[in-house]
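Each chain, letter by letter, is given below.
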Amino acid sequence: MAEEADDIARLQKTLNSDPENPSHHFNIGIFWWKKGDEVSGDESKGFKAKAAEHFVSSAKLNPSDGASFRFLGHYYSAVTVDVQRAIKCYQRALSLSSDDFEAGEAFCDLLDASGKESLQIAVCQEASEKSPRAFWAFRRLGYLQVHHKKWEEAVRSLQHAIRGYPTCADLWEALGHAYHRLGRLTAANKSYGRAIELEDSRIFSLIESGNIHLMLGTFRKGIEMFRLALEASPHNLAAHFGLASALLGLSKECASMGAYEWGASLLKEASGITIACSQLSSNFSSVWKLHGDIQIAYAMCITWEDPMTGSIIDEWNFKESINEWKNRCLASAKKALLLYQRALHLTPWQSNIYADIAIALDLVNSLDEKEKADHDTQQLSERMSLGSLIFEGINVDFWIILACITKDHALKQHALIRSLQLDTSSAVSWAYLGKLYIKLGENQLASQAIDLARSLDPSLALAWAGMSVASHHRNYSLSETYESCFRAVQLMPLAEFQIGLGMLATLSGHLSSPQVFAAVCQSIQRAPYYPESHNLHGLICEACSDYQTAISAYRLARFALRISTIFPEAIKSSLTDVSVNLARALCQAGHMLEAEQEFETLDKDSMLDCKVLQIYAFVLWKLGKNDQALHVARNLAKNVSTMEKTSGTAAIGLICQLIYHISGLEVAISTLSKLPREYLSGAKMSLIISAVNALDSRNRLQLLLPTGLSSFDAYDLIVEIHAIKAMNKMIQSGSEKFPDIHSSLKYLRKVLHLYPDSRLLRDHLGSLLLYSGDWLASHLAPRCTVLQTEYPIRTGIKSSKVHGSAGVACFSSCVTKPKFSFPTCKCQPTHGLPVINHLQKLLRQEPWNHEARYLLVLNLLQRAREEKFPPHLCLCLKRLISVSLCDETYMRSEISKYQRFILLLSASEISLQSLDYAGCTNYAASALVVLPSYEEAFFVHLQLCRAYAAQEDLINVRNEYMNCLKIKTVNQIGWLSLKYLESRYQLKNGDNTVELNFKMCLKEELGSTNMWKAVFGLVCAMCFIWDKDFINAEQALAHACAISKTESCILLAHGAVCMELARQQMGSQCLSRAVRSLVKAQATSPFPVPIISALLAQVEGSLGAKAKWERNLRLEWFSWPAEMRPAELYFQMHILAKQTVAISDKNMNIESYQSPERWVLRAIHANPSCPRYWKVLRKLVAGS
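Residues numbered from 1 in each chain as written. Predicted model: local features only at pLDDT ≥ 70, side-chain atom pairs only at ≥ 80, totals over all residues. Heavy atoms only, no water.

Engineer: Account for the overall build of the chain, naming residues and giving values.
Structural biologist: Within the chain, the secondary structure is distributed over 60 helices and 0 strands. Looking at the chain as a whole, 49% of its 1184 residues qualify as buried. A sequence separation of at least 24 residues applies to 55% of the contacts in the chain between residues at least 6 apart. Working note: accessible area of the chain is about 58100 Å², and carbon and sulfur atoms make up 55% of it. (Helix = DSSP H or I, 4+ residues; strand = E, 2+ residues; numbered from the N terminus. Buried < 20%, exposed > 50% of the residue type's maximum accessible area, 1.4 Å probe, protein only. Contact = heavy atoms within 4.5 Å. Areas by Shrake-Rupley, 256 points an atom, 1.4 Å probe, with all protein chains shown as cover.)

Here it is, written out as structure tokens:
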């Protein structure tokens, strides 16, 4: 109180000193006005009355002061309630300053309370025209213009107002509303978003933003908006309705992509939200209609689940699963019908509800077998469709719905023509009309209608499907027909379209396409009662070598045929085709007895045609029933003359194969010689004759081989014949155990000069190079072949195998990443990461490709070994191997058994590197069970030996070591590994068994003998070094260097051992030998290898060659990558820097760029735990 008294006294004194000053009156008025705001009642009025007196005085003394008039307006409007005087005061204040937002807002509030809206608009317009900074006027005017739906003017006013009030959420919301009404949805969405950022609980902005996202088709964002609205207002009807609509839209989007299960889960949630919405308000027709739409969509998204997974396939279970799926769909459709009826009861004038009921009735009729037989029930859907037309006869969609529902062709045609009369650009009407004409056989009219539909709407799936159906009348190629159907499936994944795509893929050779596989699997989910979908699934799985799944699919197709309602004659023909497919799949899966039973059943029904006889003969031969197989082959030979040329050639080829395996080469040659000449023409027969002739040392079929094959059309045939001739040279020049690979390689190199573009010859050459075991084969083989990058890459699968195999060859020593090691191989690495990426791409495109997965595992294992087995690569390998081992096809052939054996050993190695010793031994034990040959057990016992060694179980180490000696191997790398373990754990019993066996391997080695001897010498030297026997180590390395004079690794090791001997005072000649070896290593290394120059500098320094010491130390600096240079190298550079400073060398070498102190500091930074560096640094600092 004392302070207030002092303030008023001071203000009064100031006024008394200058009573004509208006600011003194204004300041006292402000004081009393604030005093009045602090109290209430009559006391407040008294204070404000005193303030008003001073404001009047101020206004009289300074009529241009708008603030005085503003406060007088506040006084008259709030205290004395004299509206007219308040209006005049506010008018005066605004006339003096249009930017006075308090006066403006108060003035407009008075006008609004008086109902003078037009005057309010005029005041705001006048103020906005006078001053661009009258933001209050723009805001008020914008709100009024929104109220009067003047959207364009509102946008301009609100945009200007936002400049003054950028954080006003109301302004952003009003601007978004104006944009929304103008149809500028993106701008509206941004404005609503800004309002939500400022106030996250603005219900109107959230709901309107969600509605805009629904209109734009961004359903996920719309769902997010509606959920936020429900969090702010849990009982908001519009938010519930919007969320359900967004979920319905997203589910339709999922269904259009084939993600039916995801769509069904969304629809379940939408149904629950709609139920809650109907509880909030049960008299809204739109809510019940939305619920009905959701139920119809749910009926279309329910997928059939195969009940046969993991159980015995049974026809009764299959039929029950079909009925259960149909009942679920039917229940949802009937529920939708009831919901539509409820909506119709509330709004019987809504024509679209009649159409919805008609669609629901049609769906019920298609699912309910009882309703199909009821003619009145079928007509009810037509009547409801006509009901929608009664209310809205000019609606094109209603006429199309009638055409789709009715079964009467005349009424269907009338409805479609009527829709086209209303809208000639209706692509849907033209497409359905084309479909009708196809059924009626009017192919020309159908083609015209479909062409019009496609030109009007290229995104219409039915038009593209119609093109594929009518293709045979329009001379389209098979590939064009396939592409049309594929386009239709992409636009709409309808089961009928997907089945058609599968059938076309069978004819066009696209069965292995992942898109076809996905389409057929989706057709099974939505139409499991179609036998075609199961049969196509079996064909695709068979093409992908997944024979077990194919067998299951064929059996399901047979069950579907037995419960089908089509004509008996068609069922019998289809059952025969499916049975043949099943028998073929059983044969390929190795189930010969079951396949024979299928063929016997077909024989009883007289269904064995020529193609079936070929498979039957093959099955009998595999079962060892050679006489019966030959009998069937004779029957097949009798029918060769009646076959097509391609089928006849295949039959003759099979007969020759059976005769060769059953009766021998002589009988096969005799049979081919007796065949009529007309049967021996053609490319396939030429290959058969060439293959048989290649096995004959006397080449008795040489005269039957085609001559003059120089035309362009015979290019592939020529190449294949040359490949067979290469195999002939390998077989005839070598023995059965050791074929002459080098003769075949020589021939292929010669032929490749004539046909350099032949992928087949290049792949053969690459494969033989790898098989030859040459030390450089892993570098040469990838250069012969080319990886195919475009899709499909199945034609280049052989080259993928060559590149993948080269990357994991045991003699492949290239390093792809210097981060983990340094390359010493003269050949640049051509494999590595690009091959891994290629194999990953191949596996993504063909997930069933076991060969690609196998090579990917081995290449990743090689990469993991190079990178010291990082955890992420180990985890990836474990997953890949687990998937491969779960595949039963790995036990079907000897090659598959070998791959499974290698995968088990790989899993054992990963477990060993991950310190999972139990897993390591378990995988190794499993590998012993699937041994492809007795010799391979050597590597299992070697792996067990390593596992027990890691656990320091010396008893088991010795036992496994003895098992390795007992089993033996012809692989050099095995004896090298065993030699290291023998020395490390002192397993040698006095004899040189490992050395003797290694030398026996070298006798059978065709090439690279010297290199293997040198490597064995290196391993022996390592063993001697481990025992600290450096004299014998030097002798072993000297012998290795004499054998392989250009291997920098061996030369480096020899130089290092000689330096150690010199350190042990073994004579100066050791230093001389070290210099020679290190100089050779430095000269022969294709890349600067670290350590070599450092050791050479140390030796030269010991011999007093200072210039050579400096030169080699600088070379060592550049040998290391910048991020990997060790601390000792920096320390050595400080010595060089000291020498440069001491002699004032003006040459700018690398050491001159930094002072000795800086070099030592960098060494300390790299290795701060070395006391020697700190000691030198203290001396350098003290000396400076």
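Moving on from the coordinates now.
Engineer: Before we move on, can you summarise the UniProt feature "repeat: TPR" (unreviewed entry) in the chain with the specific residues and values?
Structural biologist: Per the UniProt record, the feature "repeat: TPR" (unreviewed entry) sits at residues 169-202, 203-236 and 427-460. Structurally, residues 169-202 is divided into 82% helix and 0% strand, and its ends, taken at the C-alpha atoms, are 9 Å apart. In this annotation, residues 203-236 is assigned 82% helix and 0% strand; the end-to-end C-alpha distance for the span is 9 Å. (UniProt positions renumbered as here; feature names shortened; annotations may be inferred.)

Engineer: Explain the pattern of salt bridges to me, using residue names and the numbers behind them.
Structural biologist: Counting across every chain of the model gives 30 salt bridges. Between arginine 1073 and glutamate 1034 there is a salt bridge; the shortest N-O distance is 3.5 Å. In this pair, arginine 1073 sits in helix H55 (residues 1069-1084) while glutamate 1034 sits in helix H53 (residues 1030-1043), placing the two residues 39 residues apart along the sequence. You can call glutamate 1034 buried: its relative accessible area is 10%. What you see here is one network of salt bridges that share partners, running through Glu105, Asp109, Arg139 and Arg140. (Salt bridge = Lys/Arg side-chain N within 4 Å of Asp/Glu carboxyl O.)

Engineer: Outline unusual backbone geometry, listing residues and values.
Structural biologist: The residue glutamate 952 is not glycine, and still its phi comes out positive at about 60 degrees. Inspection of the secondary structure assignment puts glutamate 952 in the loop between helix H48 (937-950) and helix H49 (954-967).

Engineer: Before we move on, could you go through the packing of aromatic side chains and cite the residues and values that matter?
Structural biologist: Going through the model one piece at a time under the given rule, you end up with 20 aromatic pairs. Centroid distance phenylalanine 26 to phenylalanine 71: 6.1 Å. Interplanar angle 65 degrees. Geometry classified as edge-to-face. Linking phenylalanine 26 in helix H2 (residues 22-38) with phenylalanine 71 in helix H4 (residues 66-78), this pair joins segments that are 45 residues apart in sequence. The burial state of phenylalanine 26 is the same as that of phenylalanine 71; both residues are buried. Here tryptophan 33 and phenylalanine 71 contribute two aromatic rings whose centre-to-centre distance is 5.7 Å and whose plane-to-plane angle is 70 degrees, an arrangement assigned as edge-to-face. (Phe/Tyr/Trp six-rings, centres within 6.5 Å; stacked < 30°, edge-to-face > 60°.)

Engineer: A description of helix H59 (residues 1156-1166) should follow, citing residues and the corresponding values.
Structural biologist: When we look at burial in H59, the residues that qualify are Pro1156, Trp1159, Val1160, Ala1163 and Ile1164. What you see down the axis of H59 is that its buried residues fit within an arc of 140 degrees, all on one side. (Arc of directions from axis to C-beta.)

Engineer: Any chance you could break down a positive patch on the surface for me, citing the residues and the numbers?
Structural biologist: On the surface, a cluster of positive charge is made up of Lys725, Lys729, Lys746 and Lys750. Looking at the positive patch, the elements with two or more residues in it are helix H38 (715-733) and helix H39 (741-754). Along the chain, the position of lysine 750 falls in helix H39. By relative accessible area, which is 63% here, lysine 750 ends up exposed. (Patch = residues over 30% accessible without salt bridge, like charges linked within 9 Å, V, L, I, M, F, W, Y side chains within 5 Å. Lys, Arg positive; Asp, Glu negative; His and termini not counted. Charge placed at Lys NZ, Arg CZ, Asp CG, Glu CD.)

Engineer: Give me the lowdown on the side chain of glutamate 1110, citing residues and values where you can.
Structural biologist: You can see glutamate 1110 is positioned in helix H57 (residues 1106-1119). Glutamate 1110 sits in the buried class, given a relative accessible area of 16%. Among residues more than four places away in sequence, those in contact with glutamate 1110 are Leu1136 and Gln1139.

Engineer: Tell me about the confidence of the model for the chain, and name the residues and values.
Structural biologist: On average, the chain scores 82 in pLDDT, and the residues at 70 or more come to 90%. In this model residues 791-796 is a low-confidence stretch, pLDDT under 50, and it forms 15 contacts with partners more than four residues away in sequence or in other chains. (pLDDT = per-residue confidence, 0-100.)

Engineer: I'd like to hear about a nonpolar patch on the surface, residue by residue, with values.
Structural biologist: A cluster of nonpolar side chains, Trp349, Ile390 and Phe391, forms an exposed patch at the surface whose accessible area comes to about 400 Å². Turning to its location among the elements, isoleucine 390 is positioned in helix H20 (residues 375-391).

Engineer: An account of the nonpolar core is requested, with residue identities and associated values reported.
Structural biologist: Ranked by size, the top nonpolar core spans 84 residues in total, and within it Leu501, Phe599 and Leu636 carry the most contacts. Top contributing element to this core by residue count: helix H33 (residues 610-622), with 9 residues. Ignoring anything within four residues of it in the chain, the contact list for phenylalanine 599 reads Ala583, Leu608, Val612, Ile615, Tyr616 and Val619. Ranked by size, the runner-up nonpolar core spans 76 residues in total, among them Leu214, Phe219, Leu243 and Leu433. (Core = buried A, V, L, I, M, F, W, Y, C linked by side-chain atoms within 4.5 Å.)

Engineer: How would you explain the packing of helix H7 (residues 117-130) against helix H8 (residues 135-147) if you had to name every residue and give the values?
Structural biologist: Axis separation between H7 and H8 bottoms out at 8 Å; the angle between their running directions is 140 degrees. Our classification of the angle between H7 and H8 gives oblique. Where H7 crosses over H8, the handedness of that crossing is left-handed. Across the interface between the two elements, Glu117, Gln120, Ile121, Val123, Cys124, Gln125, Ala127 and Ser128 of H7 pack against Trp136, Ala137, Phe138, Arg140, Leu141, Leu144 and His147 of H8. Among the residues forming the contact of H7 with H8, the class breakdown is 9 nonpolar, 4 polar and 2 charged. (Axes fitted to C-alpha atoms, helices over the stretch in contact; angles between N-to-C directions. Parallel < 35°, antiparallel > 145°, perpendicular 65-115°, else oblique. Left-handed = near helix turned anticlockwise from the far one by under 90°. Nonpolar A, V, L, I, M, F, W, Y, C, P; charged D, E, K, R; others polar.)

Engineer: So what about the packing of H38 against H39? Which residues, and what values?
Structural biologist: Packed helices, taken two at a time, are described by the angle their axes make and the gap between the axes. At a minimum axis distance of 7 Å, the contact between H38 and H39 shows a crossing angle of 155 degrees. By the criterion of interaxial angle, the relationship of H38 to H39 is roughly antiparallel. In this structure, the crossing between H38 and H39 has a hand that is right-handed. In contact with His722, Lys725, Ala726, Met727, Lys729, Met730 and Ser733 of H38, H39 contributes Ile741, Ser743, Ser744, Tyr747, Leu748 and Val751. When its residues are assigned to classes, the contact of H38 with H39 shows 7 nonpolar, 4 polar and 2 charged.

Engineer: Could you give an account of the environment of leucine 839, naming the residues involved and the relevant values?
Structural biologist: Tracing the backbone through its elements, the reader meets leucine 839 in helix H43 (residues 833-845). Taking relative accessible area as the criterion, leucine 839 reaches 0% and is therefore assigned buried. Between the C-alpha atom of leucine 839 and that of leucine 856, which follows or precedes it by 17 residues, the distance is 5.9 Å.

Engineer: Run through the environment of cysteine 1001, naming residues and quoting values.
Structural biologist: The residue cysteine 1001 is located in helix H51 (residues 993-1004) in this model. Of the residues examined, cysteine 1001 reaches a relative accessible area of 5% and is grouped as buried. In this structure, the C-alpha to C-alpha distance between cysteine 1001 and threonine 969, residues 32 residues apart in sequence, is 8.1 Å. What cysteine 1001 contacts, discounting residues up to four positions off in sequence, is Thr969, Val970, Asn971, Gln972 and Trp975.

Engineer: Could you give me a rundown of the environment of isoleucine 87, with the residues and numbers involved?
Structural biologist: With respect to the helices and strands, isoleucine 87 occurs in helix H5 (residues 83-96). As for isoleucine 87 and tyrosine 76, which are separated by 11 residues in sequence, their C-alpha atoms are 8.7 Å apart.

Engineer: Describe the side chain of histidine 1134, with residues and values.
Structural biologist: On the secondary structure map, histidine 1134 appears in helix H58 (residues 1127-1143). Overall, histidine 1134 belongs to the buried group, its relative accessible area being 3%.

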